[in-house]
Amino acid sequence: MWGEGSTSRASASTSAESLRRTQHPKKERPVSPSETRAIVTLSLLAAFVDGDKHERERAEIKRIAEGLSQADGVHLPTLYQDVLMKRVSLAEVGTALTSTESRQLGYEMAVCVCDADGAQSEAERHFLADLRTSLGLDAPTAVQFAEQAEAIVTTPLANTATVAAAAAPSVDNAELDPSILNAAILNGALELLPETLSTMAIIPLQMKLVYRIGKAHGYELDSGHVKDFIATVGVGLTSQYLEQAGRKLLGGLLGKVGGGLLRGLGNQAVSSGMSFATTYALGHVAKRYYAGGRTLSTQMLKEAYASVTKEGQGLQTRYLPAIQEKARTLNPSQILSMVRGA
């Protein structure tokens, strides 16, 4: 789906598959260290383009840059400083992306970073338009990808079934706990897929999980409240996407097709299992918070989230076979419908 340089236009139902097709069916070329640096730099530029990142989100992005800095040939803390000090430009970064595949992948990651916290701002739209021009991408294909990503993150929290449900609280822990586990397994599986939009879908699926838990306890939440809750426990939306996609990119999985999934399933080091643990923790902390009448303090929420995340990390090994099996059954072309139906 990604980084394939396809210039064909596709219908909405088959667009994800069309992006998988290559113009030149040749042997897959790995992304070089210089291209990886350029793609990460584009992602960081995208993260800060609107100038409206909360200090906690900036701190998370810096932490991620430091945490992922062990990759060969990629010193992320330096890239982070270069972006903040405006020592890099789109034109300079673009020259390092020498293949159609790397330019498409760089653009897709930038789009997803801009969309991670919701619909694009005017500054982000201008940035992405300039990026398309700078990279010389096929405009219809690039715009189509941006529209797909935006459709995923702007999907309403409530689906038709949720809207039709009774307004009265309906708390059934025997049903709620398995739903949290299933959501964690699904997001863990999405983390293993090499498509950019698969990584993008994790955040709105987490938001929908929190929404459903709140509704089960009698709270009708909007997206602003859900985002605030997630940020309060310590999960930044932009930083979370950067960390998930960054691990895939540096591990050689992101943007691959064909054998990419098998490599992901066989090499869990590529993916830390972070999405399973964070989704599991968000679900259970949300359950405590809304069951307790939203009385937990910020500090208590952060401590609870940190504790349950560790629990989730321990459980991830037990549920890895289920995560891998789920990954094998997922169809990337149905990501949007999956998010809408969650």
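It should be noted that the structure appears before, not after, this text.
About the thresholds
Residues numbered from 1 in each chain as written. Predicted model: local features only at pLDDT ≥ 70, side-chain atom pairs only at ≥ 80, totals over all residues. Heavy atoms only, no water. Helix = DSSP H or I, 4+ residues; strand = E, 2+ residues; numbered from the N terminus. Expected span 1.5 Å × (residues − 1). Buried < 20%, exposed > 50% of the residue type's maximum accessible area, 1.4 Å probe, protein only. Axes fitted to C-alpha atoms, helices over the stretch in contact; angles between N-to-C directions. Parallel < 35°, antiparallel > 145°, perpendicular 65-115°, else oblique. Contact = heavy atoms within 4.5 Å. Nonpolar A, V, L, I, M, F, W, Y, C, P; charged D, E, K, R; others polar. Phe/Tyr/Trp six-rings, centres within 6.5 Å; stacked < 30°, edge-to-face > 60°. Core = buried A, V, L, I, M, F, W, Y, C linked by side-chain atoms within 4.5 Å. Salt bridge = Lys/Arg side-chain N within 4 Å of Asp/Glu carboxyl O. Left-handed = near helix turned anticlockwise from the far one by under 90°.

K.L.:
Hey, could you go over the environment of Ala327 for me, with residue numbers and the actual values?
P.N.:
By secondary structure assignment, the location of Ala327 is in helix 16 (residues 298–329). Each C-alpha atom of the pair Ala327 and Glu191 lies 8.6 Å from the other, and the pair is 136 residues apart in sequence.

K.L.:
Can you break down helix 11 (residues 196–216) residue by residue, with the values?
P.N.:
The first and last C-alpha atoms of helix 11 sit 32 Å apart over 21 residues, in line with the 30 Å expected at 1.5 Å per residue. With 20 of its 21 residues buried, helix 11 lies for the most part within the structure. Directly after helix 11, the chain includes Gly218, whose backbone phi takes a positive value near 95°.

K.L.:
Give a description of the packing of helix 11 against helix 12 (residues 223–233) that names residues and reports values.
P.N.:
Interhelical geometry of helix 11 versus helix 12 gives an angle of 105° and a closest axis separation of 10 Å. Regarding the angle of helix 11 to helix 12, the classification is roughly perpendicular. On the side of helix 11, the interface is formed by Met207, Val210 and Tyr211, while helix 12 contributes Ser223, Val226, Lys227, Phe229 and Ile230. A per-class count over the contact of helix 11 with helix 12 returns six nonpolar, one polar and one charged.

K.L.:
Lay out the packing of aromatic side chains in plain terms, naming residues and giving numbers.
P.N.:
Summed over the entire model, instances satisfying the criterion amount to six aromatic pairs. Centroid distance Phe229 to Tyr290: 5.8 Å. Interplanar angle 35°. Geometry classified as tilted. Residue Phe229 is found in helix 12, and its partner Tyr290 is found in helix 15 (residues 274–291); the two are separated by 61 residues along the sequence. The class for Tyr290 is buried, based on a relative accessible area of 2%.

K.L.:
How would you explain helix 8 (residues 139–153) if you had to name every residue and give the values?
P.N.:
Helix length check: helix 8 (15 residues) gives 21 Å between terminal C-alpha atoms against 21 Å at 1.5 Å per residue, within 8%. All of the buried residues in helix 8 are Thr141, Ala142, Gln144, Phe145, Ala146, Gln148, Ala149, Ile152 and Val153.

K.L.:
I'd love a proper account of the nonpolar core, names of residues and values included.
P.N.:
By size, the foremost hydrophobic cluster in this structure holds 91 residues, and its most contacted members are Tyr107, Phe127, Leu131, Leu190, Phe229 and Tyr290. Considering each element in turn, this core owes the most residues, eleven residues, to helix 11. The residues touching Leu131, leaving out its near neighbours within four places in the chain, are Leu42, Leu90, Tyr107 and Ala110.

K.L.:
An account of the pattern of salt bridges is needed here, citing residue identities and associated values.
P.N.:
Note that side chains of opposite charge can pair when their charged atoms are close. As enumerated under the stated definition, the model contains five salt bridges in all. Arg87 is the partner of Asp82 in a salt bridge, and the nearest nitrogen-oxygen pair spans 2.9 Å. With a relative accessible area of 49%, Arg87 lands in the partly exposed category.

K.L.:
Would you mind going over unusual backbone geometry in detail, with residue names and values included?
P.N.:
Even without glycine at this site, Lys86 takes up a positive phi of about 55°. Tracing the chain through its elements places Lys86 in the loop between helix 4 (76–84) and helix 5 (90–95). Phi at Arg294 is positive, roughly 55°, even though this residue is not glycine. Residue position: Arg294 is located in the loop between helix 15 and helix 16. Owing to a relative accessible area of 35%, Arg294 belongs among the partly exposed residues under this scheme.

K.L.:
How would you summarise the packing of helix 10 (residues 173–192) against helix 16 if you had to cite specific residues and measurements?
P.N.:
At a minimum axis distance of 8 Å, the contact between helix 10 and helix 16 shows a crossing angle of 60°. Judged on the interaxial angle alone, helix 16 and helix 10 are oblique. Note on packing geometry: the crossing formed by helix 10 with helix 16 is right-handed. Residues Leu181, Ile185, Leu186, Gly188, Ala189 and Leu192 of helix 10 touch helix 16, and the partners they reach there are Tyr319, Ala322, Ile323, Gln324, Lys326 and Ala327. Looking at the contact of helix 10 with helix 16 residue by residue, the classes come out as nine nonpolar, two polar and one charged.

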